[in-house]
Amino acid sequence: MDKKVTVVGAGNVGATAAQRLAEKELCDVVLIDIIEGVPQGKALDLAEAAPIEKHDARLTGSNGYETSEGSDIVIITAGIPRKPGMSRDDLISTNAGIVKDVTLKVSEFSPNAVLIVVSNPLDAMCHVTYEASGFPKNRVMGMAGVLDSARFRTFISMELDVSVENTTAFVLGGHGDTMVPLPRYSTVAGIPITELMSKERIDALVERTANGGAEIVGLLKTGSAFYAPASAAVEMAESILKDKKKILPCAAYLEGEYGINDLFMGVPVKLGTNGIEEIIEISLTEEEKAAFEKSADAVRELKTVLKKLA
Ligand SMILES: NC(=O)c1ccc[n+]([C@@H]2O[C@H](COP(=O)([O-])OP(=O)(O)OC[C@H]3O[C@@H](n4cnc5c(N)ncnc54)[C@H](O)[C@@H]3O)[C@@H](O)[C@H]2O)c1
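Please read all numbers here as calculations on a predicted model, not as lab measurements.

Q: Which parts of the structure should I look at to understand the site of the ligand?
A: Surveying the vicinity of the ligand reveals 27 residues, the closest of which are Asn12, Val13, Asp33, Val118 and Met143. One of the side-chain N or O atoms of Asn95 is found 3.3 Å from an oxygen atom in the ligand. Contact between the ligand and Val118: a nitrogen atom at 3.0 Å from a main-chain N or O atom of the residue. Contact with the protein chains covers 89% of the free accessible surface of the ligand, which is 860 Å². Broken down by secondary-structure element, the contributors of at least two residues to the shell around the ligand are helix H1 (12–23) and helix H3 (92–109). Element by element, the count of residues in the shell around the ligand is highest for H3, at 3 residues. Each residue belonging to the shell around the ligand can be placed in one class, and the counts come to 17 nonpolar, 9 polar and 1 charged.

Q: So what exactly am I meant to see when it comes to a negative patch on the surface here?
A: A cluster of acidic residues, Asp89, Asp90, Asp177 and Glu301, forms a negative patch at the surface. In this structure, Asp89 sits in the loop between strand S4 (73–76) and H3.

Q: Teacher, can you tell me more about the pattern of salt bridges here?
A: A pair can form between side chains of opposite charge whenever their charged atoms are brought close. All chains considered together, the criterion is met by 15 salt bridges. For Glu255, the salt bridge is made with Lys137, and the minimal N-O distance between the two is 2.7 Å. Highlighted residues: Glu255 in strand S12 (residues 246–255) and Lys137 in the loop between helix H4 (122–133) and strand S6 (140–142), separated in sequence by 118 residues. For Glu255, a relative accessible area of 44% puts it in the partly exposed group. Lys245 is the partner of Asp243 in a salt bridge, and the nearest nitrogen-oxygen pair spans 3.0 Å. Owing to a relative accessible area of 32%, Asp243 belongs among the partly exposed residues under this scheme. Three or more residues are tied together by salt bridges with common partners; here these are Asp243, Lys245 and Glu277.

Q: Help me out: how do you make sense of the packing of H1 against helix H8 (residues 227–241) in this one?
A: The axes of two packed helices give the description: the angle between them and the distance between them. Put simply, H1 and H8 touch, their axes get as near as 8 Å, and they point 50 degrees apart. Classified by the angle between their axes, H1 and H8 sit oblique to one another. Relative to H8, H1 is oriented so that their crossing is right-handed. Contacts between H1 and H8 pair Val13, Thr16, Ala17, Arg20 and Leu21 from the former with Tyr227, Pro229, Ala230, Ser231, Val234 and Ala237 from the latter.

Q: Which parts of the structure should I look at to understand the sheet that holds strand S10 (residues 187–188)?
A: Within the open sheet, the 3 strands sit side by side as S7-S10-S11. Their pairing is antiparallel. On the outer flanks of this sheet lie strand S7 (167–168) and strand S11 (191–192), each paired with one strand and no other. As judged from the 2 bridges shared by S7 and S10, these two strands associate in the antiparallel manner. For Thr167, the partnering residue across the bridge sits in S10 and is Val188.

Q: Explain the nonpolar core here, please?
A: Counting residues in each nonpolar core, the largest one holds 55 residues, and the members touching the most others are Leu21, Ile73, Ile75, Ile116, Met236, Leu271 and Phe292. When near neighbours in sequence (up to four residues on either side) are disregarded, Phe292 contacts Leu172, Gly173, Val180, Leu254, Tyr258, Ile260, Met265, Gly266, Val267 and Leu284.

Q: Honestly, the environment of Arg153 in this entry has me stumped. Any pointers?
A: Of note, Arg153 is situated in helix H5 (residues 145–160). Once the C-alpha coordinates of Arg153 and Thr168 are considered, the two residues, 15 residues apart in sequence, prove to be 6.2 Å apart. Residue contacts for Arg153: discarding those within four places in its chain leaves Val164, Glu165, Thr167, Thr168 and Ala169.

Q: Any chance you could explain H4 here in plain terms?
A: Since there are 3.6 residues in each turn of an α-helix, residues three or four apart along the chain are aligned in direction. Under the 1.5 Å per step criterion, the end-to-end length of H4 is 16 Å for 12 residues, consistent within 8% with the ideal 16 Å. In terms of residue burial, H4 counts as a mostly covered element, since 11 of its 12 residues are buried. Within the sequence span of H4, burial applies to Leu122, Asp123, Ala124, Met125, Cys126, His127, Val128, Thr129, Tyr130, Ala132 and Ser133. Directly after H4, the chain includes Gly134, whose backbone phi takes a positive value near 70 degrees.

Q: Looking at this structure, I do not really get the side chain of His175. What am I missing?
A: Of note, His175 is situated in the loop between strand S8 (171–172) and strand S9 (180–181). Here the side chain of His175 touches Arg88 through a polar contact of 3.2 Å, side chain to side chain. In terms of polar contacts, His175 uses its side chain to reach the side chain of Asp148, at 3.0 Å.

Thresholds, definitions, all that
Residues numbered from 1 in each chain as written. Predicted model: local features only at pLDDT ≥ 70, side-chain atom pairs only at ≥ 80, totals over all residues. Heavy atoms only, no water. Near = heavy atom within 4 Å. Polar contact = N/O pair within 3.5 Å; in protein donor to acceptor, adjacent residues only side chain to side chain. Areas by Shrake-Rupley, 256 points an atom, 1.4 Å probe, with all protein chains shown as cover. Helix = DSSP H or I, 4+ residues; strand = E, 2+ residues; numbered from the N terminus. Nonpolar A, V, L, I, M, F, W, Y, C, P; charged D, E, K, R; others polar. Patch = residues over 30% accessible without salt bridge, like charges linked within 9 Å, V, L, I, M, F, W, Y side chains within 5 Å. Salt bridge = Lys/Arg side-chain N within 4 Å of Asp/Glu carboxyl O. Lys, Arg positive; Asp, Glu negative; His and termini not counted. Charge placed at Lys NZ, Arg CZ, Asp CG, Glu CD. Buried < 20%, exposed > 50% of the residue type's maximum accessible area, 1.4 Å probe, protein only. Axes fitted to C-alpha atoms, helices over the stretch in contact; angles between N-to-C directions. Parallel < 35°, antiparallel > 145°, perpendicular 65-115°, else oblique. Left-handed = near helix turned anticlockwise from the far one by under 90°. Contact = heavy atoms within 4.5 Å. Pairing = 2+ DSSP bridges. Core = buried A, V, L, I, M, F, W, Y, C linked by side-chain atoms within 4.5 Å. Expected span 1.5 Å × (residues − 1).

Shown next as structure tokens:
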């Protein structure tokens, strides 16, 4: 393949992302983890599936970063996931150290890469990566909105018994309980869901979306969601690798957009070869603005925690 993507963290999200990248034949994949043997074993296992899955993506596993040299994209999934009863924010002290260390290494070997952060708490970890890499803001982003929107779309399709392919959904804000699903901008075959469902049902789906991660953690008990998160990160990577210029909700560094400064927040962006090529500003109602502000406050609070940890 002429493109190369490194996935750091060969756990549930990382290994699944590696699988999807390879099976879509988007790029060669380097899988890196701190645990000896795990990235090598998973990469070899995935490579041995290639003749059956019919792809020629090369998969390499490693504990060092030399093999990641010259990557077009690095997806950072290293860190610990939530356990039942934990919020994403409870992970901050452990994951901030891991994400900083990983970022320093990947940016040394791939100075021109686009960095997609997945580790939680997402918006705070984007700050860690942005600062540690020193990369321009268009090349550092976080995955959350694509996942949250996919969850909302799933619930809309279940509710109305329609194809998921007919659904679109928009979820903005930080990746936490204060995320802001936008029913007005969520549609079925172009029809806003506000025309198709009662306010009570929409509110119920919005609440299920905001708690979507916790619902899976509660069921799994030993980890958090990974199939849909991996799909979401790979959709972002695909848009960048193929310069598709898809508009996707991603955590982006805001400098005045939506009235927010110096904060990573989930907003619609255009993703192409240069990473975030444009931040799209949509108009929000007073109520939506207030919800977005509340979400920004939650992200700001985490930034303060980060400063104390530093
Ligand atoms: N943004 C989102 O929407 C979203 C969704 C799902 C999961 N997550 C987050 O992604 C992260 C990974 O989740 P998971 O389910 O794959 O967890 P996991 O425990 O299955 O995998 C994490 C991997 O990171 C590795 N790791 C730890 N420290 C490392 C280091 N210094 N260098 C390299 N690798 C290291 C671990 O060995 C492990 O294999 C968690 O923080 C989780 O909360 C985010």
